[in-house]
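For reference, the chains in residue letters:
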Amino acid sequence: MSFEGWTVFALFWVVFVTTPGPNAVNCITNGMTHGFGRSLWGVLGILTQSTLFLTLSALGVTALIAASPQAFGIAKLAGAAVLIWLGLRGWLNAAKPAPAVMPHAGSIYTRAFMIATINPKSVAGYLAAFSQFVQPDVPIALQMLTIFPTALLITAASYVTYTALGAGLGRAALGAVFNVWLRRGMALCFILYGILLGLSLPPAPPSGA
C-alpha cells in the first residue's frame, strides 16, 4: 500500500469509527456508569471484534455475508432486537441507583464485543475498506502489516475518547434528575439505532463479486 493509499484508508477509518453508533453509545454509557479505568474492558471488547472482522475481511468472509440477503437479514433482525432490548432495559433502570457491586470486567468486555459484532454496519464498513483499499496485485499478508495496526490504533483512540467523555459526563451529572435523563438519553440512542438497523439495506458486494 502506497503512502497516498494509506492516507486515504486512514481517513476513511477515522470517519468509520468516529461516526456515533452503538459502540460509541456503549462506551459513553460504560464511562458514565463504571468510570474510565474499568470501562476500558469495553474498548478491549471492541478491539477484539475489530481484529476478528479484519481477519474475516482479509479471508473474504464478509464479502460472502454481504452477498447473502438471508444471512444479512438474520444478523440485522437479531442485532436490532438486542439493541432495542438494551435500550428499553436502560430506560427502565435509569432511575435506579447504581449497583453497589461493580460488574465483572468480563461482562463489560462481553457486552461491548457483542454490541460491536451484531451491527451489520461493521460488515459494510470492513467490506468497503477491503474492496476499495486492498490491492489485488499485492500479497494480502503484506498489506495486512499496514492495515491491521492502522485500523486498530484509530479504533482504540476513538473509543477510548468516547469512554473518557462518558466518564466526564458521569462526574458532571451531580443532580439526580439530570443523571436520570442523561441515562435515558443514552437508552433512547440504543432504541433508535436498533430501529434504524432493522430498516437498513444489505451492503453492496464489491464490484465483480
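Our subject is the structure listed above.
Below is a summary of the structure that appears in this document. Computed from a predicted model, the values in this text were never measured in an experiment.

**Observations concerning the overall build of the chain**
- Tallying secondary structure elements over the chain gives nine helices and zero strands in all.
- When the helices and strands of the chain are placed in sequence order, the string is α-α-α-α-α-α-α-α-α.
- Out of the 209 residues belonging to the chain, those deemed buried represent 40%.
- For the chain, contacts bridging at least 24 residues in sequence account for 90% of all contacts bridging at least 6.

**Some words on the nonpolar core**
- Of all hydrophobic cores here, the largest spans 22 residues; its most connected members are Trp13, Val17, Cys27, Leu54, Tyr126, Tyr159 and Tyr162.
- Where this core is concerned, the elements lending two or more residues are helix H1 (3-18), helix H2 (22-34), helix H3 (36-59) and helix H8 (140-172).
- Among the elements that make up this core, the one with the highest residue count is H8 (seven residues).
- Residues within four places of Tyr159 in sequence aside, it is in contact with Val17, Asn23, Ala24, Cys27, Val43 and Ile46.

**Overview of the packing of H3 against helix H6 (residues 105-118)**
- Packing of H3 against H6 brings their axes to within 7 Å, and their N-to-C directions diverge by 40°. For the element pair H3 / H6, the angle class is oblique. As H3 packs across H6, the resulting crossing turns out to be right-handed. Where H3 abuts H6, its residues Arg38, Trp41, Gly42, Leu44, Gly45, Ile46, Thr48, Gln49, Leu52 and Phe53 lie against Ala105, Ile108, Tyr109, Ala112, Phe113, Ala116 and Thr117.
- For the contact of H3 with H6, a count of residues per class yields eleven nonpolar, five polar and one charged.

**Some remarks on the packing of aromatic side chains**
- Tallied over the full model, the rule gives five aromatic pairs.
- On the basis of an interplanar angle of 35° and a centroid distance of 5.5 Å, the ring pair of Phe9 and Trp13 is categorised as tilted. Of the two residues, Phe9 and Trp13 are both situated in helix H1; the distance of four residues between them amounts to about one turn of the helix. Here the two residues Phe9 and Trp13 agree in accessibility, since each one is buried.
- An aromatic cluster of at least three residues, connected via ring pairs, comprises Phe9, Phe12, Trp13 and Phe16.

**Concerning H6**
- Here H6 spans 20 Å end to end across 14 residues, near enough to the 20 Å set by a 1.5 Å rise per residue.
- Among the residues of H6, Ala105, Ile108, Ala112, Phe113, Ile115, Ala116 and Ile118 are the ones counted as buried.

Parameters and conventions
- Residues numbered from 1 in each chain as written.
- Predicted model: local features only at pLDDT ≥ 70, side-chain atom pairs only at ≥ 80, totals over all residues.
- Heavy atoms only, no water.
- Helix = DSSP H or I, 4+ residues; strand = E, 2+ residues; numbered from the N terminus.
- Buried < 20%, exposed > 50% of the residue type's maximum accessible area, 1.4 Å probe, protein only.
- Contact = heavy atoms within 4.5 Å.
- Core = buried A, V, L, I, M, F, W, Y, C linked by side-chain atoms within 4.5 Å.
- Axes fitted to C-alpha atoms, helices over the stretch in contact; angles between N-to-C directions.
- Parallel < 35°, antiparallel > 145°, perpendicular 65-115°, else oblique.
- Left-handed = near helix turned anticlockwise from the far one by under 90°.
- Nonpolar A, V, L, I, M, F, W, Y, C, P; charged D, E, K, R; others polar.
- Phe/Tyr/Trp six-rings, centres within 6.5 Å; stacked < 30°, edge-to-face > 60°.
- Expected span 1.5 Å × (residues − 1).

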